[in-house]
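Working through the structure, step by step
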Amino acid sequence: MRLRLLSLIALLVASLGLAAPAHAASAGNVISAQPTTVYLAPGKLLEVPVDAWRLLYRSTSATGRLNAVSGTLLVPKTDYPFGRRPIIGYAVGTHGMGDQCAPSTSMNEGREAELALISLFLLKGFAVAVTDYEGLGTPGTHTYMAGISQGQAVLDSVRAAMRVPDARLSADAPVAIMGYSQGGSSAAWAAQLQPSYAPELRLRGVAAGGVPADLKAVAQHLEGSASFGLAAAAGVGLDAAYLELDLEADLNERGRALLADAADDCVAEINAKLAGLRFSDLSSLDLLNQPKWVARLIENRLGAAAPRVPVFLYHAQGDEIIPHSVGATLRSQYCSAGARVRWVSLPAGNHVLGAVKGGPLAVEWLALRLLGVPATNNC
């Protein structure tokens, strides 16, 4: 009952949000912006020398409901000498399902690993908006891997950044988006959705790495592996986004207990609790081939629309979590649809090394787009 109860609470909170004051009624509007401090190391050591705000802003769910999403805005203290300060919409990789896993919390507590990459943007004088995604840091279940929700949360984090008065960011600022893994999916979804969802943003380029573009293919690959918890968590996240899936009703007693136990954990705990399992351990049904799941998995598969801005796609050749073939297929689909793609197949032996090796390349590629340098295409 716990999974279903959390989903119903999320729906109630979002519904109540529809009655918000007029100034907070549209996607990207700021509900609150509270000054915060960001640290590079635990124990609140090594303060990052930026102006920072913990944001609560309006966004849109996968099914079109207005919601509230939290995030963090980081702005260098020094003036930007080259005109309007660029804004990066940064989408983090998988952190977990519990509110304590949200990047806003981990940055404030000095335990956010992705600050290493975020800092590369800050050193260039760029502002960075980091979304927590729907339901991570706010009431309700995190809609993990619901791509439409995630992409919209990224785009609205940039809109919100422009609407924080003390940040002094321009609505005409050049924008770029970056993410890896879950963040890579979010970045790619933002690229696909931007022309219709946020056409006013001056988006110059998107970098997406280790992209789980086809959730069904990734889930099948993860069955029986040490990272099966990621596939199970995606099931919980999609169930929270689409209430007709009613995951709990299709689980066996063991499945309900395991997923309820992991529903508020961070990624390491989720993987530890579910390592080596398969969907058949959680349900007597062939979940991935149930018509209701097939429909939503297709809806959340990237590649059906071509981004209008240049895209930098990168993937580790030895990625054990998201098969290299999934990223290569997305590249082919984008190229066939006429997108401008720079594809890099990294000589990296695993998923994490793909982020380490590809991240700095992505930062530099985006910096060139923000400076107006034309992108090359290797479709």
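What you see is a predicted model; the values in this text were computed from it and never measured. (Residues numbered from 1 in each chain as written. Predicted model: local features only at pLDDT ≥ 70, side-chain atom pairs only at ≥ 80, totals over all residues. Heavy atoms only, no water.)

So, on to the overall build of the protein. Within the protein, the secondary structure is distributed over 14 helices and 11 strands. Its C-alpha radius of gyration of 19 Å places the protein within 12% of the 21 Å reference for a compact globule of 379 residues. Dimensions of the protein along its principal axes, counting C-alpha atoms only, are 60 × 45 × 40 Å. By the burial criterion, 59% of the 379 residues in the protein qualify as buried. In the protein, once contacts between residues fewer than 6 apart in sequence are set aside, the share between residues at least 24 apart is 78%. Surface exposure of the protein reaches about 14,400 Å², of which carbon and sulfur atoms provide 58%. (Helix = DSSP H or I, 4+ residues; strand = E, 2+ residues; numbered from the N terminus. Rg over C-alpha atoms; globule rule 2.2 N^0.38 Å. Buried < 20%, exposed > 50% of the residue type's maximum accessible area, 1.4 Å probe, protein only. Contact = heavy atoms within 4.5 Å. Areas by Shrake-Rupley, 256 points an atom, 1.4 Å probe, with all protein chains shown as cover.)

Looking now at the side chain of serine 181. With respect to the helices and strands, serine 181 occurs in the loop between strand E8 (174–180) and helix H5 (182–197). The exposure class assigned to serine 181 is buried, which follows from its relative accessible area of 11%. At 3.0 Å, the side chain of serine 181 forms a polar contact with the side chain of histidine 351. Here serine 181 is in contact with Gly93, Thr94, Gly209, Gly210, Pro212, Ile322 and His351, once residues within four sequence places are set aside. (Polar contact = N/O pair within 3.5 Å; in protein donor to acceptor, adjacent residues only side chain to side chain.)

Turning next to the packing of helix H3 (residues 115–123) against helix H14 (residues 351–370). Put simply, H3 and H14 touch, their axes get as near as 10 Å, and they point 20 degrees apart. Classified by the interaxial angle, the pair formed by H3 and H14 is roughly parallel. Every pair of crossing elements has a handedness; the one defined by H3 and H14 is right-handed. Every residue of H14 that contacts H3 at Leu117, Leu120 and Phe121 is listed here: Ala355, Gly359, Pro360, Val363 and Leu366. Residue composition of the contact of H3 with H14, grouped by class: 7 nonpolar, 1 polar and no charged. (Axes fitted to C-alpha atoms, helices over the stretch in contact; angles between N-to-C directions. Parallel < 35°, antiparallel > 145°, perpendicular 65-115°, else oblique. Left-handed = near helix turned anticlockwise from the far one by under 90°. Nonpolar A, V, L, I, M, F, W, Y, C, P; charged D, E, K, R; others polar.)

When the sulfur atoms of two cysteines share a covalent bond, that bond is a disulfide. Taken as a whole and judged by the stated rule, the model has 2 disulfides. Two residues share a disulfide in this structure: cysteine 101 and cysteine 266, whose sulfurs sit 2.1 Å from each other. Across the disulfide from cysteine 101 to cysteine 266, rotation about the S-S bond amounts to roughly -105 degrees, and the bridge is consequently left-handed. Of this pair, cysteine 101 sits in the loop between strand E6 (87–91) and helix H2 (103–108) while cysteine 266 is found in the loop between helix H9 (253–262) and helix H10 (267–274), placing the two residues 165 residues apart along the sequence. Comparing cysteine 101 with cysteine 266 shows no difference in burial state: the two are buried. Taking only the cysteines that form disulfides and numbering them from first to last, the protein has the pattern 1-2, 3-4. (Disulfide = S-S within 2.5 Å.)

Another aspect to go through is the sheet that holds strand E4 (residues 50–60). Here 9 strands make up an open sheet; going across it, the order is E1-E4-E5-E7-E6-E8-E9-E10-E11 and the pairing mixed. Every interior strand has two partners, whereas the edge strands, strand E1 (30–36) and strand E11 (341–346), have only one. Strand-to-strand twist of the sheet, defined as the mean angle between neighbouring strand axes without regard to direction, takes the value 20 degrees. Relative to strand E10 (residues 311–316), strand E9 (residues 202–209) is paired through 4 bridges, and the arrangement is parallel. By the bridge assignment, alanine 208 is partnered in E10 with leucine 313. (Pairing = 2+ DSSP bridges.)

For helix H7 (residues 228–241), which comprises 14 residues, the first-to-last C-alpha distance of 20 Å matches the rise-based estimate of 20 Å (1.5 Å per residue) to within 8%. In terms of residue burial, H7 counts as a mostly covered element, since 14 of its 14 residues are buried. (Expected span 1.5 Å × (residues − 1).)

Per-residue confidence for the protein averages 93 on the pLDDT scale, and 93% of its residues sit at or above 70. Note on residues 1–24: pLDDT under 50 across the span, and 38 contacts to partners over four residues away in sequence or across chains. (pLDDT = per-residue confidence, 0-100.)

The element E10 is largely enclosed, with a buried count of 6 among its 6 residues. Of the two faces of E10, both are covered, the one formed by Val311, Leu313 and His315 as well as the one formed by Phe312, Tyr314 and Ala316. By the bridge criterion, 6 bridges tie E10 to E11 in an arrangement that is parallel. Counted as the bridge partner of phenylalanine 312 is arginine 342 from E11. Crossover connection from E10 via helix H13 (residues 324–336) to parallel E11: handedness right-handed. (Right-handed = clockwise from strand over helix to strand, strands pointing away.)

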